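Structural features, examined
Here is how the chains run, residue by residue.
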Amino acid sequence: MAAINNTDLLALKSYITAADSTQYASLAASTLVLDLTHSNLQQRHAEIRFDKHDTVEELRRRIHQKSGTPPCFQHLQLRSGGLIICEIAPETETNRMLGYFNLPHGANVHCIDIDPHSKSAGGAYEDTSLVEKFTLTDEEYNKRKGTLRDWGRKQKENDPDFSLRKHAREHAELVEAKRLYRESGEVKKGFEVDDSGAIVRIEMEVLEKEGEANENIAEFEFGEESVKHLNLGARCQVQPGARRGEIAFIGKIEQLGGGGHWVGVILDEPVGKTDGTVNKSGVRYFVAPGPNRGGFFRGRNVEEGNFPEIDIMDELDDSEDEL
């Protein structure tokens, strides 16, 4: 073997092999660590633990588990340092304990499969090129139901402008909108919070046909009309989550979400996303008593009314067993 001249490689070798002399020091005195190899297989089962009181029969059983060769077809070679220490023919030395052979840790037990009809011969267990591959012609694939192509055709029937590229882009936009709302409470332009509290895309079919309608709906959704029913200092309940609090700000915030009008609420519980500051601009619009005691919401998600702060003591049942 050629000498290693590269100092970095020598240092790496020294680091990796530093504990080689003590790698088995923590093992029990009766433990024996062996490597198992097979004549028909490339695989090597390294550092398999045995007890020195285990018999050759147990060794054969373990080899059978890992290679598929029955004990009656196992011709064993016990090797150490590249030399054959002992050979054990099939169905011999069955009750002999492994400690008898005085094998060192890391010794190799090589199994020679003498079965003339062995299923592991010729790479049958490892050579994937021998496995018959499933193939399907383009015509056969077109006829199949429930495939991606079949799904795409059905989508195309409902929407002539549909394409997988467009679908992937819209899905990525939805994922990003959900992430933005989860992390900052902002609702991305083109999306809204539905009655169940989930982020959904706003259907804009009517808006695409009529630009004027687009402006009217945008005004209703994000303009002054969207917050006209609310008053500063009023108690309110916001969705999602039926969170209660007090209205502390009503007005335009162009740096938040899709811009337009927003409602700032000081929440009764620390279930918000802000302290009254818009992270993107650093501008404070109201003062909340804590980093999670405030939130910005669209007007449609805020309901003004008689929503007193919930007293958790009111939720406790009266009991004669607790005073």
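Below: a short report on this structure.

**Remarks on the overall build of the protein**
- From N to C terminus, the protein includes 7 helices and 12 strands.
- The burial tally for the protein puts 30% of its 323 residues in the buried class.
- Once local pairs closer than 6 in sequence are excluded, the contacts in the protein between residues at least 24 apart make up 50%.
- Per element, the accessible surface of the protein, about 21500 Å² overall, is 50% carbon and sulfur.

**Re the packing of aromatic side chains**
- Per the counting criterion, the structure on display carries 5 aromatic pairs.
- For the ring pair Trp 151 and Phe 162, a centre distance of 5.5 Å and an interplane angle of 85° mean the geometry is edge-to-face. With Trp 151 in helix α4 (residues 148-158) and Phe 162 in the loop between α4 and α5 (164-184), this pair connects stretches of sequence that are 11 residues apart.
- By relative accessible area, which is 11% here, Phe 162 ends up buried.
- Site record: aromatic cluster; members linked through ring pairs are Phe 249, Tyr 285, Phe 286 and Phe 296.
- One Lys or Arg, Arg 96, reaches over the ring of Tyr 100 and ends 4.0 Å from the middle of that ring.
- Over the ring of Trp 262 we find Arg 298, and its NZ or CZ is 3.8 Å from the ring centre.

**A short note on the pattern of salt bridges**
- Overall, the coordinates contain 17 salt bridges when judged by the stated rule.
- For Asp 138, the salt bridge is made with Arg 149, and the minimal N-O distance between the two is 2.9 Å. Residue Asp 138 is found in helix α3 (residues 138-143), and its partner Arg 149 is found in helix α4; the two are separated by 11 residues along the sequence.
- Overall, Arg 149 belongs to the partly exposed group, its relative accessible area being 33%.
- Three or more residues joined by partner-sharing salt bridges are found here, namely Glu 58, Arg 61 and Arg 62.

**Focus: α5**
- A rise of 1.5 Å per residue sets the reference length of α5, with its 21 residues, at 30 Å; its end C-alpha atoms lie 30 Å apart and thus fit the reference within 8%.
- Looking one or two residues past α5, Gly 185 carries a phi angle of roughly 80°, positive in sign.

**Some details on the side chain of Asp 35**
- Within the secondary structure layout, Asp 35 lies in strand β1 (residues 31-38).
- Of note is the side chain of Asp 35, whose polar atom sits 3.3 Å from the side chain of Arg 44.
- Discounting chain neighbours no more than four positions away, the residues touching Asp 35 are Arg 44, His 45, Ala 46, Glu 47, Gly 106, Ala 107, Asn 108 and Val 109.

**Regarding the environment of Glu 186**
- Assignment of secondary structure puts Glu 186 in the loop between α5 and β6 (191-193).
- Placed 72 residues apart in sequence, Glu 186 and Gly 258 show a C-alpha to C-alpha distance of 8.7 Å.
- Excluding anything up to four places from it in sequence, Glu 186 contacts Leu 180, Tyr 181, Leu 256 and Gly 257.

Rules of the game
- Residues numbered from 1 in each chain as written.
- Predicted model: local features only at pLDDT ≥ 70, side-chain atom pairs only at ≥ 80, totals over all residues.
- Heavy atoms only, no water.
- Helix = DSSP H or I, 4+ residues; strand = E, 2+ residues; numbered from the N terminus.
- Buried < 20%, exposed > 50% of the residue type's maximum accessible area, 1.4 Å probe, protein only.
- Contact = heavy atoms within 4.5 Å.
- Areas by Shrake-Rupley, 256 points an atom, 1.4 Å probe, with all protein chains shown as cover.
- Phe/Tyr/Trp six-rings, centres within 6.5 Å; stacked < 30°, edge-to-face > 60°.
- Lys NZ or Arg CZ within 6 Å of the ring centre and 35° of its normal.
- Salt bridge = Lys/Arg side-chain N within 4 Å of Asp/Glu carboxyl O.
- Expected span 1.5 Å × (residues − 1).
- Polar contact = N/O pair within 3.5 Å; in protein donor to acceptor, adjacent residues only side chain to side chain.

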